[in-house]
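Per-entry structural report
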Amino acid sequence: PMLTPLTYEGLLDEVLGIDCGLVHVDADVIEPPESDEDKAAAAAAAAAGQKRMASVSLNDADTLYAEVRDQHVEKFGSFLKQQAQALKATHSDFTDKNRDLSEIHQFVKQIPIFTQNLRSLTHHILLAELVKSATEESGFRQRWQTERSMVESETCYDTLEDLISAQAPPLRVLRLLCLQSLTGGGIKSSRFDALRRDIVQTYGFEFVVILNNLETAGLLRRKETVFALDSASPFATLRKHLRLINAEVNTTEPDDVSYVSSGYAPLTARLVEVAVTIGWAGKDEALRELPGRLVDITQQNYPPEELSSAMKRNPGPSLGNLARSKGGDAGGGGSGGGGGKKPVLLVCFVGGVSFMEIAALRLLTKRPSFPYSIMILTTKVMGGRSILKSLA
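Report follows, based on the coordinates.

Parameters and conventions
- Residues numbered from 1 in each chain as written.
- Predicted model: local features only at pLDDT ≥ 70, side-chain atom pairs only at ≥ 80, totals over all residues.
- Heavy atoms only, no water.
- Helix = DSSP H or I, 4+ residues; strand = E, 2+ residues; numbered from the N terminus.
- Buried < 20%, exposed > 50% of the residue type's maximum accessible area, 1.4 Å probe, protein only.
- Lys, Arg positive; Asp, Glu negative; His and termini not counted.
- Salt bridge = Lys/Arg side-chain N within 4 Å of Asp/Glu carboxyl O.
- Contact = heavy atoms within 4.5 Å.
- Phe/Tyr/Trp six-rings, centres within 6.5 Å; stacked < 30°, edge-to-face > 60°.
- 1 Å grid on protein atoms, 1.4 Å probe; cavity = no way out; pocket = protein on both sides within 12 Å on 5 of 7 lines; lining within 4 Å.
- Points joined across faces, edges and corners; volume = space filled by probe spheres on them.
- Nonpolar A, V, L, I, M, F, W, Y, C, P; charged D, E, K, R; others polar.
- Patch = residues over 30% accessible without salt bridge, like charges linked within 9 Å, V, L, I, M, F, W, Y side chains within 5 Å.
- Areas by Shrake-Rupley, 256 points an atom, 1.4 Å probe, with all protein chains shown as cover.
- Axes fitted to C-alpha atoms, helices over the stretch in contact; angles between N-to-C directions.
- Parallel < 35°, antiparallel > 145°, perpendicular 65-115°, else oblique.

**Observations regarding the side chain of Arg-239**
Following the sequence through the fold, Arg-239 ends up in helix H13 (residues 234-241). For the buried Arg-239, which has no salt bridge, the nearest side chain bearing the opposite charge is Glu-152, at an N-O separation of 7.2 Å. The contact partners of Arg-239, leaving out residues within four places of it in the chain, are Val-151, Glu-152, Ser-153, Leu-244 and Ile-245.

This is the structure in structure tokens:
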């Protein structure tokens, strides 16, 4: 979650913040005043320091949002433009003068749907413009390049020091600092103390508490080296064995979950993909680097059994073979032998899941060769910014 997502939904949360399925944006942006009276009222409110906010709902009830939410930043602009052209063509077709009464009646019946689609399209075009303007800033691109360097196990201590010296937004600095720690197996001891000191001196003594909270949460830690030799970090091992980097991914017509960040596959999504498609064979080294205990069992429906007894027997069939036994066809669009739907795979996240991970898992579900339809159960939907705010 410390990485910057590059999907429409992820960027909306990054730029505006999604709260309970809503984004709150300046009313003058999403619903610009048209009449002179409205413009005068908006100008007077702005002069008085009163900012009008409007809420835009983001859920599957909006069919356009359901279609555009997981698209990459390089695609959703052109997609919305195509939708606007299609809506314009539909309107021109309906308003053709050479229509009989029955066709006019059908047009009148569809006016509410047309109006709703037009309103939704207008809102998303305006929101997309806000997102695009944020992503086209030089600071955004530099941050993405720094993040990519970190996930490829490069050390970016000098970049972090430059950001602190330039008094960059503190949450941005802390986010990159945590990413450096997570991907590098910690921060070198000498740099750790220097960076902590610079942050406290630049942003204030209240950041001592925040830095301690980050250490307690495991997001930031000191890396102690022996004889000045650096060993490979756990993340480097995971990156290698699970193919977390795919620099050649197609972002407009994605075929790999790494499209969500233009080349990095979320670890959780890749774990689900590997577990279902090829299983854990040959992945022992990577699995050892994951925190916590790995429990790989196939639950028996009847008679119910205790976890202790289930752990003593063989794990059972892989998730891919289990899907086939339940009627899923891993090579035929996920339909069962009688043309049924894919079986459901419930993926649980305790603590939270990011919009980037959700988009990656949705891509797996859409893939014809993937034998499951994934349902996500989580305690919270969050991102790097919301995590840091909760620890502040």
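**Concerning the packing of aromatic side chains**
Under the criterion given, the structure shown has four aromatic pairs. An aromatic cluster is present here, built from Tyr-8, Tyr-65 and Phe-76 joined pairwise through their rings.

**Some points on the pattern of salt bridges**
Following the criterion strictly, the structure yields 14 salt bridges and no others. One salt bridge in this structure joins Glu-253 and Lys-75, with 3.5 Å as the shortest N-O distance. You can see Glu-253 sitting in the loop between H13 and helix H14 (267-277) and its partner Lys-75 sitting in helix H5 (residues 73-94), a full 178 residues away along the chain. For Glu-253, a relative accessible area of 52% gives the class exposed. Taking the relative accessible area as the measure of exposure, Lys-75 reaches 22% and is therefore partly exposed. Overlapping salt bridges, with partners in common, bring together Glu-9, Asp-60, Arg-69, Asp-70 and Arg-362 in one network.

**Observations concerning the layout of surface pockets**
For the second largest pocket, the calculated volume is near 530 Å³. Taken together, 30 residues line the second largest pocket, and the ones lying closest to its centre are Asp-13, Ile-18, Phe-355, Val-381 and Met-382. When residues of the lining of the second largest pocket are traced back to their parent elements, those giving at least two are helix H1 (8-15), strand S1 (18-19), helix H18 (355-366) and helix H19 (384-391). Tallied by class, the residues present in the lining of the second largest pocket amount to 12 nonpolar, eight polar and 10 charged.

**Thoughts on a nonpolar patch on the surface**
Residues Val-295, Ile-297, Leu-307 and Met-311 make up a contiguous nonpolar surface patch of roughly 300 Å² in combined accessible area. Turning to its location among the elements, Met-311 is positioned in helix H16 (residues 307-312). Residue classification places Met-311 among the partly exposed positions, given a relative accessible area of 32%.

**Quick look at the packing of helix H10 (residues 170-184) against helix H11 (residues 189-203)**
Close contact between H10 and H11 brings their axes to 12 Å; oriented N to C, the two are set at 170°. Looking at the two axes, H10 sits roughly antiparallel to H11. Across the interface between the two elements, Pro-170, Val-173, Leu-174 and Leu-177 from H10 touch Leu-195, Ile-199 and Tyr-203 from H11. Its residues assigned to classes, the contact of H10 with H11 shows seven nonpolar, no polar and no charged.

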